[in-house]
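Coordinates in review
The chain contents come next:
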Amino acid sequence: RSGVEIIEMQLVHNDGSVRNLDLIPRLKVNDPEPLLDAVRAGACIALLPDLMTSSEVKKGTCVRVLPEWRGPMQEYCAVYPSRRGMPKRVRLFLDHLVEIGDGLPN
């Protein structure tokens, strides 16, 4: 269809197989929080990080669909100017990132 935006989404199965899907998005945002709000409201399904959705699933406000599939792993970088004079709260945050990162699959 002319003028329709199609996005490619990659899903990875627990067995390591990969599926590439061509999707027509119904909602497009640059911040995941409004997307989670739309999921809570029943307006859509979304591919969101477990860190963002695990409490919602535990509370029963959201349900995980396709539990054997996940999105591709993402790489994140923490950038800071110098270790010298680094505020304690920044050091604690970086330590937390390392701690939760150690629990993620490679």
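Higher on the page you've got the structure.
The text that follows walks through the structure, step by step, so that each part is easy to find. (Residues numbered from 1 in each chain as written. Predicted model: local features only at pLDDT ≥ 70, side-chain atom pairs only at ≥ 80, totals over all residues. Heavy atoms only, no water.)

1. Focus: helix α2 (residues 50-59)
Stated precisely, the cut-off is as follows: We call a residue buried when its accessible area falls under 20% of the maximum for its residue type, exposed when it is over 50%, and partly exposed in between, using a 1.4 Å probe and counting protein chains only. Strands are runs of DSSP state E lasting at least 2 residues, helices are runs of H or I lasting at least 4, and numbering of each runs from the N terminus. Directions from the helix axis toward the C-beta atoms define the arc. The contact criterion used throughout is that any non-hydrogen atoms of two residues lie within 4.5 Å.
Inspection of α2 places Met 52, Thr 53 and Glu 56 among the buried residues, and these make up the whole buried set. On an axial view of α2, the arc spanned by its buried residues comes to 65 degrees, and they lie on one face. Exposed residues lying more than 90 degrees from the buried face of α2 are Leu 51 and Lys 58. Here the buried face of α2 lies against α1 (32-40). Downstream of α2 by a residue or two, Gly 60 has a phi angle that is positive, lying close to 85 degrees.

2. Focus on the sheet that holds strand β2 (residues 18-23)
The condition that has to hold: DSSP-based pairing: two strands are paired if at least 2 bridges between them are found.
Within the open sheet, the 3 strands sit side by side as β2-β1-β3. Their pairing is antiparallel. Where the open sheet ends on each side, the last strands, each with one partner, are β2 and β3 (69-70).

3. Comments concerning the pairing of β2
Looking at chain direction, strand β1 (residues 7-13) and β2 are connected through 6 bridges and run antiparallel. Among the inter-strand pairings, Gln 10 is bridged to a residue of β2, identified as Asn 20. Adjacent in sequence and paired antiparallel, β1 and β2 are bridged by 4 residues, among which Gly 16 carries a positive phi angle near 95 degrees.

4. Examining the pairing of β1
For β1 and β3, the ladder comprises 2 bridges, and the chain directions are antiparallel. Across the sheet, the residue bridging to His 13 is Trp 69, located in β3.

5. Looking at a nonpolar patch on the surface
Condition: For patch detection, residues must exceed 30% relative accessible area and be free of salt bridges, and they are connected within 9 Å for like charges or within 5 Å for nonpolar side chains (Val, Leu, Ile, Met, Phe, Trp, Tyr). To measure how exposed things are, a 1.4 Å probe is used in the Shrake-Rupley method; for residues, cover is taken only from the protein chains shown. By definition here, a salt bridge exists when the distance from a side-chain nitrogen of Lys or Arg to a carboxyl oxygen of Asp or Glu is within 4 Å.
Taken together, the side chains of Val 4, Ile 6 and Ile 24 make up a nonpolar region of the molecular surface, amounting to roughly 230 Å² of accessible area. Its place among the elements puts Val 4 in the segment before β1. Assessed through its relative accessible area of 30%, Val 4 is described here as partly exposed.

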